[in-house]
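# Structural characterization, general
Listed here are the chains, written in short residue letters.
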Amino acid sequence: MATITIDEKQYTVEEGRNLIDAAADLGIDIPHFCYHPGLAPDGNCRMCLTEMEIRPGQFGIVTSCTIRIKDGMNFRFNSPAVLDNRKGIMEFLLINHPLDCPWCDQAGECKLQDHSFDHGRGHSRFVETKRVPPKKDLGPHITLYTTRCILCQRCTRFCDEITGTSELGVVQMGSKSEIATFEDVPLDNKMSANVADICPVGALVTKDFLYKPRIWHYEKVDTVCPGCATGCNTTLEILHQKVYRTKPRHNEEVNGYWMCDEGRFCYHGWQDVDRMKAPLKRVDGELAQATWPDAMDAAVSGIQAVLDGEGDSAMAVIGSPVATNEENYLLRRLGAEAFGSPWTGLDRKPDGEAWTSKSGFHIDADKTPNTRGARDMLGAGSLEDILRGIGDGSIRGLYVLGGDIGRTLSTEEAEAFRKLEFLVVHDVHRSDLAELADVVFPGTIPFEKNGTMTNGQGRVQRLNPAFPPPGGAREDGAILRYVGQRMGVDLGGTDPAGVLEEIAGNVEGYAGLTYDLIGDQGAMTGGEGPSEAAGG
Amino acid sequence: MAAPLEILTAPLPAETDPGDIDAYLAGGGYGAVRKALKSMSQAELIEEINASGIKGRGGAGFSTGMKWNLCADRFPRYLCANADESEPGSFKDRLLLESKPHQIIEGMIITSYALGINLGYIYIRGEFFQIIDQMEAALADARKHGFLGADILDTGYDLELYVHPGAGAYICGEETGLIESLEGNRPYPRLKPPYFPAAIGLWGQPTIVNNVETMAQITTIVDMGAEAYKAIGSEEDTTGPRLFGLCGHVNKPGIYEYDSEVTLRELIYDAAGGIRDGNRLKGVIPGGISAPILTPEEIDTPMGFGALGKLGSMGGTGGIIVMDETTSMVDALLNASSFAAHESCGQCTPCREGVPWMNDILRRIRNGQGREEDLDLLLDVCKQIHGHTVCVFGQAPGVWPVRTILVKYWPEFRACIERKELVVPPLEESYLRPDQYEHIPPVPGNFRLKTEEADAAG
Amino acid sequence: MATPLEFTEATRERAAEILDRYPDEYRKSAVVPLLHLAQEEWGYVSPEAMACVARLIGCSPVKVAEIATFYPMFNREPVGEHVLAVCHTLPCALTGCGSVFDHLSEKLGIGLGETTADGRFTLRKSECLAACDRGPVLLVNRRLHTHVSPAKVDEILAELDKG
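Quantities reported herein were computed from a predicted structural model and do not represent experimental measurements.

If you look at soluble globular proteins, the nonpolar side chains tend to sit buried side by side. Counting 251 residues, the largest nonpolar core has Ile104, Ile109 and Ile122 of chain B together with Tyr71, Leu84 and Leu104 of chain C as the members making the most contacts within it. Considering every element that reaches this core, the biggest residue donor is helix α13 (residues 329–343) of chain B, with nine residues. Beyond its immediate stretch of four places on either side in the chain, Ile109 of chain B contacts Tyr30, Val33, Leu37, Phe147, Leu148, Tyr157, Leu159 and Leu161 of chain B. In terms of nonpolar packing, the next biggest core, distinct from the first, is built from 44 residues, Ala314, Tyr329, Phe441 and Leu480 of chain A among them.

Here it is as C-alpha cells:
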C-alpha cells in the first residue's frame, strides 16, 4: 500500500495501481476518454491531466492514465490548471461533434455528455463549419457514426490488444483522421461488439441496439451468459419483460471486461422461440394443452405405472446443462427418492468451436453454461448410459430436464426415446424431445432462472431472473418439487439459496459455498481459490 | 563584427562530388573514425563529447553529452540520425546532407561506437530524393572501405547503418514520432515519461536520436578535440560552430557559419546583405517557424540558445525567416498556422482540434470576416493547447507563432478586423514595442497586453 | 477489392533487400520504404498495393492503410506522368511562390490537386522542402528546382515536353 496526497488530503491506496483506478477506488472520478482499465493506457485524449508534484513544491501536468502509484506522490485534482484543461479539452472535443444527442443512441450513457455537463462551458465559441465525415458500416454488428468519434482509439486498441485481429485502424492524418476498416476486411471477429461498449461516445454502436428505447428506461439485472461454459458475467437490460441488450460485467477471473458476440446476441434465440405457456399431455397419440393439475396427474400416474411394472429401477432422469445447479440437484433427489432410481444422465449436445483471444479471453467449445455444475449435481451418469439402458429394456420411463433451445435429437436418440413407455419432459418450446413426450411441463429459459451455475473453470456463479416465466410456464425447481410432493417425497423449500446450502452439505467440492460468498463475482468449487484468469 | 567560420561549411575542392569517398579520404576523411576507434575508449569518447559542451542541433538545444549519459544500460541500443528536416525556414541539414554525407556517416559511426550500438538508421525525409540516393551510395562506399560492417578497422567492432526514408510528415522530426515511424506505426509521438528514447526507444530498447548536424559536429569534435571546439561560442549558448540559414526578404539568402555569439542584426545586415530593395525590417523568426518572432527593436541579440530564450524566443534550428515592411503579418501567420494545421498528426485532442480551429479563425480574419472577439479567442485557444499536448509540436508550430505574432503585431490584426479586409499598415503602426506587452512567458499562460484596448478586452 | 497485385520479380528482390535492413521480428518497420516501392511500381498506392505490402510484412492490411493514408507523399489516386509540387510554406510564400503556382495552374489549365486531361501533369502544393534560401522551389517528380519564377516554369515545362 502507498500513502498519497490528493488536494492536500492523505489517502492510502494500492501501490503500482494506475492513478485513475486508484482514484476510482477512493470514489474520486478523474474524467477520461481514452483510458480503459482493460486496455493499455494511451494518453491521447488529454482529459485526465492532473497536477503532480514533480520536484518539492513544483507541480507539473501529467496524464493520470499513465501514472503508477508510488508512496509519497502528491496530486492536485482541482487546481485551476487542471480544471481549465478539462474545460479546454471539452471545448475541443465538441467543436466538431454533432449536437445530435436527441437521437443518438449513446445519450444517457455518454461520457462526452456527462463530462460536458460537469466541465463544459455551456456555449460554443466555434462559428466555423463542422466536419461531417460519412457514417460507415464496419461489420456485421457495428456501425460507425464518424461525426461523433473523438478518436480515443479504444476500439483500435481493443482489436490490436484483445482480439489480436487488428481490423480497425486510424486512417488519414490530423483533423481528417478517421477510424476505418480496410476495403473488404470488415470488423468481424468473435468479440467485435465490445467496441460499442467501450466507445465512450455514440460513434460505435451495435446495429442490434440501434434506435431502441432510451437507456434510462431499462431495468438492469446481473446474471451469467448461457452461451457457453465460460459463463461470462453479464448485465441484461430489460424492458416490458424483454431483453433489449446484454453487456459484459467485469469479472477479472472469468471474462475481464468482455464477452463474445455470440453470447451477447444469444438472447434473441432464447427470446424469439415460440414459448410453451401451458403444460401438454398426450391424448389419443397427440400432444394437447392441459391444465397443471391434469398434466401433473398424467405425469404422476404415468411414472407410477412404470415404477409398478417389471424391474427394479425402470425410471431414469436426465439433467440439463442449461439448468441451474439447484434444478439438477433437485432432479437427482427426485430420481433417487421418488423413483428409487440409480440412473442419472446428463444431456450433452455436440461441442462447438473453442477460441481463445490474443489476450486470453476464452470461448468454450461446450456451448452450454452448466455442464460442469450439472455433472457435479447428477453424479457420473451419461446420456449414453441411459440410451443403453433404454436399449436393453432396463429403462422404461424417463424424466428429462430439457430447455436447451439449440438441442435437436439425433435419429438414434429419437428412436430410443420412442421405445419408452413413459416420457416426462421440462421444456420451453415444442422441441424434438417435447414432441416425443407423454407429458411436457413448460419451464424456464436461463434469463428467468434464479440459482447458480458452475462454469468450465469450476467457478460457481449466480443467475438472477430478469423476468418471470411467461403464461403458465413455471420455474423448473418448483415443478420438480410438486412432482416429488405428489409422489410423497418432500424436496424442501423453494429458495435457491436454501437448496445451495443443501448442495454444500451433500455435493463434493461445494462445501462451504453460500449465496453470499458467491456474490456477484462467483466462487470456486473445491476450495481451490481463484483460478487462472480467463478474461483478458 | 563577428567573424564567419568555415568549419562545417568548408568548401570542397573544385569539381568534387560530395559523395565521392576517395576525395573525402584524400582530404583526411574518416580520420575521426580512425582516431576514435583506434585510439579512444568508449568512456574517453563520451567524456570528450561531454567536455565539448555541444548542444544538439535539432532545435531544442539539449546537451548532447547529457543525452548520451542518459542512455539506459541495456543492449541492444540503437542510433537514429534525424534528417527529417521539415521545420519551415530550416535548410541547414539539407546543406550538410548534400555536401558532407561522409562527415555525417563518420559522426554516426563514432556515436555508435561510443555507445556500444551495432545498428543505426539515418531517417531522411522522403522528398530528399537525390540526398537519399547519394546517402545510400555513400553508405555503400563506407561499407566497401571497411568503415561499416563487421570488424571495422580490425577493432572487432561491428556496425550497420541504413537509410530509412520518411514520406513527408513533419511529425517524424519529433524524436519519438520518428521512432514510431521507423517501427512502421503511425508516427504518433510517445508519452514522456515513460518513453524517453534513451530509456525506451526503438523496438523498446535504449535509442539515441540525434540531429544529422549534431552527427556531423561529432566528427568535428573528434577531429579538432574538445578543447579547441569548446573555445568556439560559449557554454551557455552552445559551443562549436553554428549554421544559420537566412531566407525571406534578405539580399543574400543562404547558410552562414558563425559561433552563437553573432547577433541577429549582423546576420541580417552583414552576412545576408540586408533587406531587399532597401526596405525596412518588419519582423524576423530566428530559428524555424516555431521560434517566436522578434520585432525590429529586438534584433541586437546574440543568436545563442540562452540569449534568445531571454527574449522569449528560441534558437531552434537556426533557420532565420526575415520579413520586410511590405509583409502582411496576417498572411504570414495564416501561412504558419496552415502549416501547423496540415502537419498536426491528430493523435491528441488539443492539437488535432485546436490547431486547425485557429487556422480557420485566422483565415476568416484574413478574408475580412474577423470578429472583435476573435483575437482573444485565439489567445485562449493557444492557452488551452499549450502544455496539454502529447508532444511539443502542438505548441511549437501550433501555438508559439500564433501567440507571439498576434501579440506583437496586434495593431495590424486589429486593423484587419476593423476594416474587414487584409491591410498592411505602415510599419510604425503595425506592431507593439517591447514595453507594450509583457514578456512572453515560457510556460502556459495568457498574455495581457499593456494597451488600453487589451485592458478593455479583459 | 480488385485482383490482388504482386510486385514484379525485380521489385520483390528490392523489397527483400529492404526487409533485410530490419531485425526479422520487426518487419513492419519496412512499411514506408515498401510503400515507396509500391508507388514506384504502380504510380500510386491503391488498396491492392497496400494489401500486397501487408502480405510482405505479414500484418493486417488496415495497418498498412494507416500508414499509406497518413503520409502526404503516398498518392492515393493515379497521378500524372509528372507531379509538380510548389512549396507554399512561409519562406517560399515570401519570395513569390503564389505567382509560380498561379502561372502553372494557368498554363496547365488545372487547379490544386488536379491532373491534366492528357494525364501528363498533376499540380500540387508542398509544405517546406528545406531549400528556403533558394525559393521559390518546385519539386518536379524527384528533382528540385530552385529560384523558380513564372519564366522558369515555362522553361521547366518545355524541358518536360521534350521528354
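Having seen the model, we can carry on.
Moving on: the pairing of strand β8 (residues 242–248) of chain B. All names here are of chain B. Taking burial as the measure, the seven residues of β8 include seven buried ones, the bulk of the element. With five bridges connecting them, β8 and strand β9 (residues 254–258) associate as antiparallel partners. Its bridge partner lying in β9, Leu246 is registered against Gly254. The antiparallel hairpin formed by β8 and β9 contains five residues in its connecting segment. Relative to strand β11 (residues 319–324), β8 is paired through four bridges, and the arrangement is parallel. When the bridges of β11 are listed, Leu246 appears paired with Ile320.

Once that is clear, we can look at the sheet that holds strand β14 (residues 280–283) of chain A. Residues and elements named next belong to chain A. Spatial strand order, β15-β14-β22-β21-β20-β16-β17: seven strands in an open sheet with mixed pairing. Edge strands, defined here as strands with exactly one partner in the open sheet, are β15 (286–289) and β17 (344–346). When the angles between neighbouring strand axes are averaged without regard to direction, this sheet yields 20 degrees. In terms of strand pairing, strand β16 (residues 315–319) meets strand β20 (residues 397–401) through four bridges, oriented parallel. Its bridge partner lying in β20, Val317 is registered against Tyr399.

What follows is about the environment of His217 of chain A. Residue and element names in this part refer to chain A. By secondary structure assignment, the location of His217 is in the loop between β10 (204–206) and β11 (219–224). Under the relative-accessibility criterion, His217 is labelled partly exposed at 45%. C-alpha separation for the pair His217 and Pro140, spaced 77 residues apart in sequence, amounts to 27 Å. Once residues lying within four places of it in the same chain are set aside, the contact partners of His217 are Ile238 and Leu239.

The interface is formed by 13 residues belonging to chain C together with 16 residues belonging to chain A. Both sides together, the interface formed by chain C and chain A hides about 1,200 Å², and carbon and sulfur atoms give 64% of it. Summed over the shared surface of chain C and chain A, the result is one salt bridge. Close ionic contact of Asp160 of chain A with Lys63 of chain C constitutes a salt bridge, the shortest N to O distance being 3.0 Å. Applying the counting rule to chain C against chain A returns five residue pairs in polar contact (both at pLDDT 80 or more). Secondary-structure elements contributing two or more residues to the side of chain C that touches chain A are α3 (47–57) and α4 (61–68) of chain C. The element contributing the most residues to the side of chain C that touches chain A is α4 of chain C, with five residues.

Now for the packing of helix α8 (residues 292–308) of chain A against helix α14 (residues 476–486) of chain A. All names here are of chain A. It is the contact of α8 with α14, at a shortest axis distance of 10 Å, that shows an interaxial angle of 60 degrees. Comparing the axis directions of α8 and α14 gives the class oblique. Of the two elements, α8 crosses α14, and the hand of that crossing is right-handed. Counted together, Trp292, Met296, Asp297, Val300 and Ile303 of α8 and Ile479, Tyr482, Val483 and Arg486 of α14 form the full contact between these two elements. Of the residues in the contact of α8 with α14, the class split is seven nonpolar, no polar and two charged.

A few words on the side chain of Thr220 of chain B. Relative to the helices and strands, Thr220 of chain B is located in helix α9 (residues 212–224). Residues within four places of Thr220 of chain B in sequence aside, it is in contact with Ile7, Leu8, Gln103, Gly225 and Tyr229 of chain B.

So, on to the packing of aromatic side chains. Scanning all chains against the criterion turns up 23 aromatic pairs over all chains. Note on Phe92 of chain A and Trp357 of chain B: the rings are 6.3 Å apart at their centroids and 90 degrees apart in plane angle, and the pair reads as edge-to-face. Remark: Trp357 of chain B occurs in helix α14 (residues 349–366) and Phe92 of chain A occurs in helix α2 (residues 80–95); the pair is interchain, linking two chains. Accessibility expressed as a relative area gives 0% for Phe92 of chain A, which makes it buried. Put simply, the rings of Tyr78, Tyr121, Tyr162 and Trp203 of chain B together with Tyr22 and Tyr26 of chain C pair up and form one aromatic cluster. In this arrangement the basic side chain of Arg245 of chain A is found over the ring face of Phe209 of chain A, its NZ or CZ atom lying 4.0 Å from the centre.

The next thing to look at is helix α4 (residues 154–162) of chain A. One turn of the α-helix equals 3.6 residues, which is why residues spaced by three or four share an orientation. Residue and element names in this part refer to chain A. The buried count for α4 comes to seven of nine residues, which makes it a mostly enclosed element. Restricting attention to buried positions, one finds in α4 the residues Arg154, Cys155, Thr156, Arg157, Phe158, Cys159 and Ile162. Looking one or two places after α4, you find Gly164, whose phi comes out positive at around 75 degrees.

This part takes up the pairing of strand β4 (residues 58–63) of chain A. Here six bridges tie strand β3 (residues 49–55) of chain A to β4 of chain A, and the two strands are oriented antiparallel to one another. Bridge pairing links Thr50 of chain A to Val62 of chain A in β4 of chain A.

Moving on to the sheet that holds strand β4 (residues 143–145) of chain C. Residue and element names in this part refer to chain C. An order of β2-β1-β3-β4 is seen for the four strands of this open sheet, with the pairing classed as mixed. The open sheet has two edge strands, β2 (121–126) and β4, and neither has a second partner. Direction aside, the axes of adjacent strands within the sheet are offset by 25 degrees on average. One ladder, built from three bridges, connects strand β1 (residues 82–87) with strand β3 (residues 138–140); its direction is antiparallel. What sits directly across from Val86, in β3, is Leu138.

With that settled, consider the interface of chain C and chain B. Across the boundary between the two partners, chain C contributes 39 residues, which contact 60 residues of chain B. Across the interface of chain C and chain B, roughly 3,800 Å² is buried in total on both sides, 61% from carbon and sulfur atoms. The largest contributions to the chain C side of the interface with chain B come from Arg21, Phe70 and Leu94 of chain C, which together make up 18% of the buried area. Counting across the chain C and chain B interface gives three salt bridges.

Okay, the domain arrangement of chain B next. By a widely used convention, the size of an interface equals the accessible area lost when the partners come together. All names here are of chain B. In terms of domains, chain B is made up of domain 1 (21–230), domain 2 (241–324) and domain 3 (329–457). Computed over C-alpha atoms only, the centres of domain 2 and domain 3 are separated by 21 Å. At the interface, 18 residues of domain 2 touch 24 residues of domain 3. In total, about 1,600 Å² of surface goes out of reach between domain 2 and domain 3, with carbon and sulfur atoms giving 65% of it. Of all residues in domain 2, Lys282, Ile289 and Ile293 give up the largest surface area on contact with domain 3, accounting jointly for 37% of the area buried on that side. Counting across the domain 2 and domain 3 interface gives four salt bridges. Put simply, Glu412 and Lys282 hold a salt bridge, and the shortest N to O gap is 2.6 Å. When residues of the side of domain 2 that touches domain 3 are assigned to their parent elements, the largest contribution, three residues, is made by strand β10 (residues 281–285). Of the residues in the side of domain 2 that touches domain 3, the class split is nine nonpolar, four polar and five charged.

Thresholds applied
- Residues numbered from 1 in each chain as written.
- Chains lettered and ligands numbered in written order.
- Predicted model: local features only at pLDDT ≥ 70, side-chain atom pairs only at ≥ 80, totals over all residues.
- Heavy atoms only, no water.
- Core = buried A, V, L, I, M, F, W, Y, C linked by side-chain atoms within 4.5 Å.
- Buried < 20%, exposed > 50% of the residue type's maximum accessible area, 1.4 Å probe, protein only.
- Helix = DSSP H or I, 4+ residues; strand = E, 2+ residues; numbered from the N terminus.
- Contact = heavy atoms within 4.5 Å.
- Pairing = 2+ DSSP bridges.
- Axes fitted to C-alpha atoms, helices over the stretch in contact; angles between N-to-C directions.
- Buried area = accessible area lost by both parts, 1.4 Å probe.
- Salt bridge = Lys/Arg side-chain N within 4 Å of Asp/Glu carboxyl O.
- Polar contact = N/O pair within 3.5 Å; in protein donor to acceptor, adjacent residues only side chain to side chain.
- Parallel < 35°, antiparallel > 145°, perpendicular 65-115°, else oblique.
- Left-handed = near helix turned anticlockwise from the far one by under 90°.
- Nonpolar A, V, L, I, M, F, W, Y, C, P; charged D, E, K, R; others polar.
- Phe/Tyr/Trp six-rings, centres within 6.5 Å; stacked < 30°, edge-to-face > 60°.
- Lys NZ or Arg CZ within 6 Å of the ring centre and 35° of its normal.
- Domains from an automatic or database assignment.

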